[in-house]
Amino acid sequence: MAPPRGRRRSPIVTLSSDLGSVYSAQIKAVLARSIDPARVIELTSDLPAHGIMEGAFLLRAMAGGFPAGTIHLAVVDPGVGGRRAAVVFECRDGSCLVGPDNGLLFPLAEELGRPRAFSIDPARVGVHTRVGTTFDGRDLFAPAVVRLALGGEAEEVGPPLEPSVLRLPRATHRPRGATGEVLHVDRFGNLITNIPSRWIPAGTRRVSSRIGRRLREAPWVSSYEALAPGSMGVLGSSFGTVEISARERRAADALGATPGTGVVLTWTGGRRRGSIGK
Amino acid sequence: MAPPRGRRRSPIVTLSSDLGSVYSAQIKAVLARSIDPARVIELTSDLPAHGIMEGAFLLRAMAGGFPAGTIHLAVVDPGVGGRRAAVVFECRDGSCLVGPDNGLLFPLAEELGRPRAFSIDPARVGVHTRVGTTFDGRDLFAPAVVRLALGGEAEEVGPPLEPSVLRLPRATHRPRGATGEVLHVDRFGNLITNIPSRWIPAGTRRVSSRIGRRLREAPWVSSYEALAPGSMGVLGSSFGTVEISARERRAADALGATPGTGVVLTWTGGRRRGSIGK
Amino acid sequence: MAPPRGRRRSPIVTLSSDLGSVYSAQIKAVLARSIDPARVIELTSDLPAHGIMEGAFLLRAMAGGFPAGTIHLAVVDPGVGGRRAAVVFECRDGSCLVGPDNGLLFPLAEELGRPRAFSIDPARVGVHTRVGTTFDGRDLFAPAVVRLALGGEAEEVGPPLEPSVLRLPRATHRPRGATGEVLHVDRFGNLITNIPSRWIPAGTRRVSSRIGRRLREAPWVSSYEALAPGSMGVLGSSFGTVEISARERRAADALGATPGTGVVLTWTGGRRRGSIGK
């Protein structure tokens with residue numbers, strides 16, 4: 001069954017990439033030749049270079065909040081010019097996602113729900129000649145976005161595709177603890193993990209963290225301000241997962257952690273399962 | 001007396017923060033669900049991390065030039081989740097400022113004139129649940145901006161507030177000189193001080209600068225071009241204050257200066273007060 | 001003969017500079033006081049500081065793709081406040097370019113065709129007082145853009161000007177090779193040269209590159225994926241010129257190359273001129 005269509009005649013188009021502003025501007029130029037630039041919102045051109053996993057996590061966090069029917073163009077594409085397909089996902093709410101079929105768009109597509117995937121055929125989006133083979137964002141994805149923004153259906157861009165699956169690593173719940181990993185180091189050097197904050201029981205006071213090979217104990221707090229300057233703490237991040245931070249200092253540097261670094265948490269002071277709290 | 005209201009039905013909304021593009025994009029998503037994204041202008045997501053004083057100075061310089069009735073959302077917020085209030089200022093021209101009540105918005109509010117401050121009550125801007133406690137920009141300030149942009153009055157967001165006062169440090173005029181400090185290091189490494197350029201008398205030829213513990217003499221010039229490559233000079237900056245620069249080199253690095261570094265200037269060659277001619 | 005005019009009543013305005021977001025925001029403020037901010041697109045505020053040649057190359061690549069009648073404001077302006085003029089170019093398609101007359105705009109103006117240049121007279125664009133002498137982007141170019149965006153003709157901003165000529169260095173074709181230079185190091189550390197990709201004959205398999213004083217041989221490939229991780233290759237860039245890259249590594253760092261570094265290529269395996277088949 002085809003999903004219901006929520007796409008408007010003049011949808012919002014978002015841009016997210018690791019391309020930097022100069023390449024991203026060339027995508028904006030292609031869009032501006034056909035659609036109203038007032039509808040185009042750059043989310044970021046500054047995703048970690050070549051970081052498909054981290055990019056997929058951030059894209060979902062940024063783009064997931066946009067209205068039904070939005071078109072999201074995303075590029076983290078180390079395989080450009082090679083064998084990976086170019087994909088359009090159409091989701092339950094009529095949102096469309098356009099980019100490389102390397103997993104980058106997959107977690108967002110799943111979150112938006114009931115995705116149908118199509119392989120972009122250059123000829124079907126009006127692309128007959130190419131300047132090079134290294135910039136599909138400008139030369140293929142942007143023309144596909146134009147087609148969709150002007151009212152084209154996702155299935156018109158090319159044949160159905162079995163998309164590449166990328167699932168973000170999931171954390172494991174253990175008694176009084178959890179095992180997971182760092183998904184993202186944010187601008188402040190905070191470590192954003194994949195461990196759901198709701199796993200931390202009410203009343204937890206301290207959390208022991210093994211991050212890579214370093215073991216630290218730190219308080220479970222609800223603000224950076226609750227920490228002494230420079231000292232470490234564990235918080236519920238704005239992504240809904242556990243965050244390891246240092247007050248006005250870069251925890252990532254202090255701990256030598258990067259996306260992919262393993263994290264083992266053990267908490268103390270909270271209610272045990274089934275116990276009757278205070 | 002209530003200030004006159006200049007707010008339009010569909011005001012411009014500006015965004016300024018130290019959040020980086022990925023967090024800032026999540027604010028844009030909240031706004032895009034309710035207001036026309038064509039009205040939203042990102043000024044910067046790249047203010048110095050945690051730099052409230054420098055951020056306040058830059059915010060005033062950026063946002064002060066916008067039309068009457070603009071809504072400015074600003075975030076430099078190391079105290080998020082803690083005791084500081086969330087504030088809406090409404091100013092003489094109907095402009096509203098939304099952000100943490102940590103002083104960041106205060107110099108801008110004073111410049112815009114006759115500010116009235118209100119504490120944001122989450123329930124009154126439609127916020128009943130929160131993902132975490134670390135991102136009020138997305139979870140509290142953006143909903144408040146939406147309320148205002150859709151025509152709400154500032155006093156509807158919550159009760160009146162006695163706001164936190166932050167006054168930018170002022171320079172002191174001395175005979176043939178001035179004492180002040182660096183407020184901002186710009187992208188080129190130029191030192192922007194708080195010493196008004198108009199204090200430098202006409203005819204001044206050279207300025208001796210003690211910056212931190214380093215003493216330099218440099219010409220008073222009106223362009224970088226007047227300097228030999230790499231050499232230092234003193235200019236009237238675009239902020240209306242004295243700037244210390246090195247031609248196509250980073251003066252901040254050469255002098256080891258950062259925001260807060262003290263600056264003592266002594267000028268020579270200009271007219272003395274009351275003297276005639278040069 | 002005057003060029004035909006394609007300018008619309010409410011043209012797109014693009015911004016490109018090396019100013020960083022804080023100074024660029026002050027340009028946006030001036031524009032927002034007079035024209036619809038929905039028409040203003042920031043291309044970049046992150047051009048290499050003081051890099052007129054690289055900026056000219058990138059500006060042409062970014063702005064050249066915009067619709068007829070667009071107004072492009074560009075600032076890479078180490079000579080601000082000095083003797084260089086301020087210029088408006090009007091081109092064949094009605095596009096206008098506004099910025100310093102230091103060559104930055106020249107390659108774009110030539111590409112857009114039949115440029116006529118005018119020197120900006122501050123009084124004629126409504127500028128009578130100035131805060132300082134270091135920020136013509138805000139204080140002179142932006143008012144000129146406003147004048148043009150509101151329907152003013154280019155010749156109204158000031159008298160005709162013989163503009164400063166800047167020609168991007170051209171590569172030289174040699175038998176089975178070419179001599180050129182690096183014009184741009186992109187965000188990924190790829191070296192973008194000025195050697196046209198179409199000079200590489202069909203069937204070329206390997207390219208020997210002398211970059212500065214280092215000699216390397218690398219395969220001629222059509223995707224980064226064709227390279228072993230970390231190893232080097234030569235590709236046709238998205239600028240239409242030869243690019244030297246390393247897979248998921250910064251070729252510029254590995255080779256010590258910057259804009260201006262000389263490049264000598266020799267290719268093997270392709271068809272010789274006049275030969276039949278491979």
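Residues numbered from 1 in each chain as written. Chains lettered and ligands numbered in written order. Predicted model: local features only at pLDDT ≥ 70, side-chain atom pairs only at ≥ 80, totals over all residues. Heavy atoms only, no water.

Draft legend 1. Focus on the sheet that holds strand β1 (residues 13–17) of chain B. Residues and elements named next belong to chain B. With mixed pairing, six strands are arranged side by side in an open sheet as β2-β1-β3-β5-β4-β6. Because the sheet does not close on itself, it has two edges, and the strands there are β2 (40–44) and β6 (116–119). Between one strand axis and the next, the sheet turns through 20° on average, direction left out of account. Examined bridge by bridge, strand β4 (residues 86–90) and β6 share four bridges and lie antiparallel to one another. Within the sheet, the bridge partner assigned to V88 lies in β6 and is F118. Contacting β1, β3 (71–75), β4 and β5 (96–100), helix α4 (residues 136–149) crosses the sheet at an angle of about 175° to β3. (Pairing = 2+ DSSP bridges. Helix = DSSP H or I, 4+ residues; strand = E, 2+ residues; numbered from the N terminus. Axes fitted to C-alpha atoms, helices over the stretch in contact; angles between N-to-C directions. Contact = heavy atoms within 4.5 Å.)

Draft legend 2. Looking closely at the sheet that holds strand β2 (residues 40–44) of chain A. All names here are of chain A. Pairing in this open sheet of six strands is mixed, and the strands run β2-β1-β3-β5-β4-β6 from one edge to the other. Only two strands of the sheet have a single neighbouring strand rather than two, namely β2 and β6 (116–119). Within this sheet the neighbouring strands show an average axis-to-axis angle of 20°, counted without direction. Against the sheet, helix α2 (residues 52–63) contacts β1 (13–17), β2 and β3 (71–75), and its axis sits at roughly 135° relative to β2.

Draft legend 3. Representation of the state of the cysteines within the structure. This structure, assessed with the given rule, holds zero disulfides over all chains. For the unlinked cysteine C91 of chain B, the closest cysteine sulfur is that of C96 of chain B, found at 7.4 Å. (Disulfide = S-S within 2.5 Å.)

Draft legend 4. View of the interface of chain B and chain C. Opposite the 31 residues of chain B that make contact, chain C presents 32 residues. At the boundary of chain B with chain C, total buried surface from both sides reaches about 2500 Å², with 58% on carbon and sulfur atoms. Applying the counting criterion to the chain B and chain C interface returns three salt bridges. For R83 of chain C, the salt bridge identified is with E225 of chain B, shortest N-O distance 3.3 Å. Linking chain B to chain C there are eleven residue pairs in polar contact (both at pLDDT 80 or more). Elements that contribute at least two residues to the side of chain B that touches chain C include exactly β2, α2 (52–63) and β12 (232–236) of chain B. Looking at which element gives the most residues to the side of chain B that touches chain C, the answer is β2 of chain B, with four residues. Across the side of chain B that touches chain C, the residue classes tally to 15 nonpolar, eight polar and eight charged. (Buried area = accessible area lost by both parts, 1.4 Å probe. Salt bridge = Lys/Arg side-chain N within 4 Å of Asp/Glu carboxyl O. Polar contact = N/O pair within 3.5 Å; in protein donor to acceptor, adjacent residues only side chain to side chain. Nonpolar A, V, L, I, M, F, W, Y, C, P; charged D, E, K, R; others polar.)

Draft legend 5. The arrangement of the relation of the copies chain B and chain A in detail. Once chain B has been moved 0.0 Å along the axis and rotated by 120°, it coincides with chain A to within an RMSD of 0.0 Å. A rotation of that kind, with that shift, is consistent with a three-fold axis. Taking C-alpha positions as the reference, the residue of chain B nearest the rotation axis is A38 of chain B, at 2.8 Å. A share of only 9% of the interface residues of chain B reappears at the interface of chain A, consistent with the copies meeting through non-equivalent patches. (Least-squares fit on C-alpha atoms with pLDDT ≥ 70 in both.)

Draft legend 6. Representation of the packing of helix α1 (residues 20–32) of chain A against helix α2 (residues 52–63) of chain C. Where α1 of chain A contacts α2 of chain C, the two axes come as close as 8 Å, and the packing angle between them is 30°. Between α1 of chain A and α2 of chain C, the interaxial angle falls into the category roughly parallel. Side by side, α1 of chain A and α2 of chain C meet where V22, A25, Q26 and A29 of chain A of the first sit next to L58, A61 and M62 of chain C of the second. Its residues assigned to classes, the contact of α1 of chain A with α2 of chain C shows six nonpolar, one polar and no charged. (Parallel < 35°, antiparallel > 145°, perpendicular 65-115°, else oblique.)

Draft legend 7. Inspection of the pairing of strand β9 (residues 191–196) of chain C at higher detail. All names here are of chain C. Burial runs high along β9: six of the six residues are buried. Side chains L191, T193 and I195 project from β9 onto one buried face, and the interleaved I192, N194 and P196 project onto a second face that is buried too. Two successive antiparallel strands, strand β8 (residues 177–185) and β9, enclose a turn made up of five residues, where G189 displays a positive phi of approximately 85°. As paired elements, β9 and strand β13 (residues 241–246) share three bridges and run antiparallel to each other. Its bridge partner lying in β13, I192 is registered against E243. (Buried < 20%, exposed > 50% of the residue type's maximum accessible area, 1.4 Å probe, protein only.)

Draft legend 8. Region of interest: the relation of the copies chain B and chain C. Screw-axis analysis of chain B against chain C gives a translation of 0.0 Å along the axis, an RMSD of 0.0 Å, and a rotation angle of 120°. Looking at chain B, a mere 10% of its interface residues are interface residues in chain C too, so the copies touch through different faces.

Draft legend 9. Spatial organisation of the confidence of the model for chain A. All names here are of chain A. Within chain A, residue pLDDT values average 92, and 94% of them lie at 70 or more. Here residues 273–278 is modelled with pLDDT under 50, and outside its nearest four sequence neighbours on either side it reaches three contacts, counting other chains as well. As a predicted assembly, this complex carries a pTM of 0.94 together with an ipTM value of 0.93. (pLDDT = per-residue confidence, 0-100.)

Draft legend 10. Here's a closer look at the environment of V146 of chain C. In this fold, V146 of chain C is placed in helix α4 (residues 136–149). A sequence separation of 47 residues divides V146 of chain C from T193 of chain C, and the C-alpha atoms of the two residues are 36 Å apart.

Draft legend 11. Seen up close, the packing of aromatic side chains. Residues and elements named next belong to chain A. Counted according to the given criterion, the structure contains twelve aromatic pairs over all chains. Residues Y23 and F135 carry aromatic rings whose centres are separated by 5.3 Å and whose planes lie at 75° to one another, so their mutual orientation is edge-to-face. Placement of Y23 in helix α1 and of F135 in the loop between β6 and α4 (136–149) is noted, with a sequence separation of 112 residues between them. Overall, the relative accessible area of 4% leaves F135 in the buried class. Geometrically, the ring pair formed by F89 and F106 is edge-to-face, given 6.5 Å between the ring centres and 70° between the ring planes. One end of the pair, F89, is in strand β4 (residues 86–90); the other, F106, is in helix α3 (residues 106–112), with 17 residues separating them in the sequence. (Phe/Tyr/Trp six-rings, centres within 6.5 Å; stacked < 30°, edge-to-face > 60°.)

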